[in-house]
Amino acid sequence: MTSMSRARVARRIAAGAAYGGGGIGLAGAAAVGLVLAEMHLARRQVNNGAHPHVPQADGRYGLAYDAPGPGKEPLRLTMLGDSTAAGQGVRRSGQTPGALLASGLAAVAERPVELRNVALPGAQSDDLDRQVALVLGDSEQVPDVCVIMIGANDVTHRMPATRSVRHLSSAVRRLRTAGTEVVVGTCPDLGTIEPVQQPLRWLARRASRQLAAAQTIGTVEQGGRTVSLGDLLGPEFEANPSELFGPDHYHPSAEGYATAAMAVLPTVCAALGLWPAEEERPDVSRREGFLPVARAAAEAASEPGTEVTAAMPTGPRGPWALLKRRRRRRVPEAEPTPSSLSGGPPSGGA
């Protein structure tokens, strides 16, 4: 499928989400029987994760920067989404994406960071309504930035893409209305999960990329930013499965989560105004620039680590977006402090 074709499909899905359509699926009806048979086998092999426990990572990071005074108050970072956002598949709290992002953000901002994680393993996009309610339940503790990682379970459970994007767009809109910056890690490439065989592998890859592109359109239109997480279960995982997959061959390993965190951290910092000003200008040598939002979304879906953010509300072909390929920053592994917040991420599920 060409970039223009992917853009048209993503635009149709996003439009259906915005205007109440519900029938645009992610796989042809003729393939459904075979897909279900292959998915059942893959789930049995994956076994929903060898380590269902999710390490508790909530708490304060960057204690070296903990000092009184204006501008030194802790930043609030909250994770929402599914098992990927929760950090299922690793044993230590410091290896979860939330902990990695919190420690990296603290180092860039030179301020402590309070991490809260409300992600639920096994969650689909319709659970974001509940998660956002938890996040905004205390008006005195509204996060400075939220990171959402969602979509894989929507694909494996065949949730209509329009419904998936509708729930994500609603979540982004509610968080942005509350004054929170939002960064969405879009649906990872499920076509590289080891137990998945052809033709499900090809269908999973196509469905993942279609959903990721549509998620980008829905997020950007509501004032959020996206980062393509094809890296999370993408080419690097395919080339290095023993290193980048976790023990269950489905969830990422510690190195895999670190790869994802490195891709997301620059966008989190940019959303908070912490990235160098020169980095905000498009770099032609890195093939960055302004594109219609649907085209930017389609290109980002096929290139892991690519950021898309709103640029101009109108253009010859609708809203435009800035597509960037930010330089990644290595994030240190971190452990939460003993004074962790209450109510950590639920455990269990896939």
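Before reading on, note that the structure itself is shown above.
Here goes a summary of the coordinates provided. (Residues numbered from 1 in each chain as written. Predicted model: local features only at pLDDT ≥ 70, side-chain atom pairs only at ≥ 80, totals over all residues. Heavy atoms only, no water.)

## Considering the packing of helix α4 (residues 97-109) against helix α11 (residues 254-271)
Move 1: Packing of α4 against α11 brings their axes to within 9 Å, and their N-to-C directions diverge by 40°. If you check the angle between α4 and α11, you find them oblique. Handedness of the crossing formed by α4 with α11: right-handed. Residues Pro97, Leu100, Leu101, Gly104, Leu105 and Val108 of α4 pack against Tyr257, Ala258, Ala261, Val264, Leu265, Val268 and Cys269 of α11.
Move 2: Of the residues belonging to the contact of α4 with α11, the class tally is 12 nonpolar, one polar and no charged. (Axes fitted to C-alpha atoms, helices over the stretch in contact; angles between N-to-C directions. Helix = DSSP H or I, 4+ residues; strand = E, 2+ residues; numbered from the N terminus. Parallel < 35°, antiparallel > 145°, perpendicular 65-115°, else oblique. Left-handed = near helix turned anticlockwise from the far one by under 90°. Contact = heavy atoms within 4.5 Å. Nonpolar A, V, L, I, M, F, W, Y, C, P; charged D, E, K, R; others polar.)

## Section: the nonpolar core
Move 1: Within the largest apolar cluster, 38 residues are counted, with the highest numbers of intra-cluster contacts made by Leu77, Leu101, Val147 and Val264.
Move 2: Contributing elements (two or more residues each) for this core: β2 (75-81), α3 (83-86), α4, β3 (113-117), β4 (145-149) and α11.
Move 3: Contact partners of Leu77, with chain neighbours within four places excluded, come to Gly98, Leu101, Ala102, Val113, Glu114, Leu115, Arg116, Val145 and Val147.
Move 4: By size, the runner-up hydrophobic cluster in this structure holds 24 residues, among which are Leu190, Ile217, Ala294 and Ala297. (Core = buried A, V, L, I, M, F, W, Y, C linked by side-chain atoms within 4.5 Å. Buried < 20%, exposed > 50% of the residue type's maximum accessible area, 1.4 Å probe, protein only.)

## A short note on the pattern of salt bridges
Move 1: Applying the stated criterion across every chain yields a total of 13 salt bridges.
Move 2: For Arg163, the salt bridge goes to Asp126, with nearest N and O atoms at 3.0 Å. Here Arg163 is found in helix α7 (residues 161-177), whereas its partner Asp126 is found in the loop between β3 and α5 (128-135), with 37 residues between them in sequence.
Move 3: Of the charged contacts, one joins Arg176 and Glu181 as a salt bridge, the two residues approaching to 3.9 Å between their closest N and O atoms.
Move 4: A relative accessible area of 27% places Arg176 in the partly exposed class. (Salt bridge = Lys/Arg side-chain N within 4 Å of Asp/Glu carboxyl O.)

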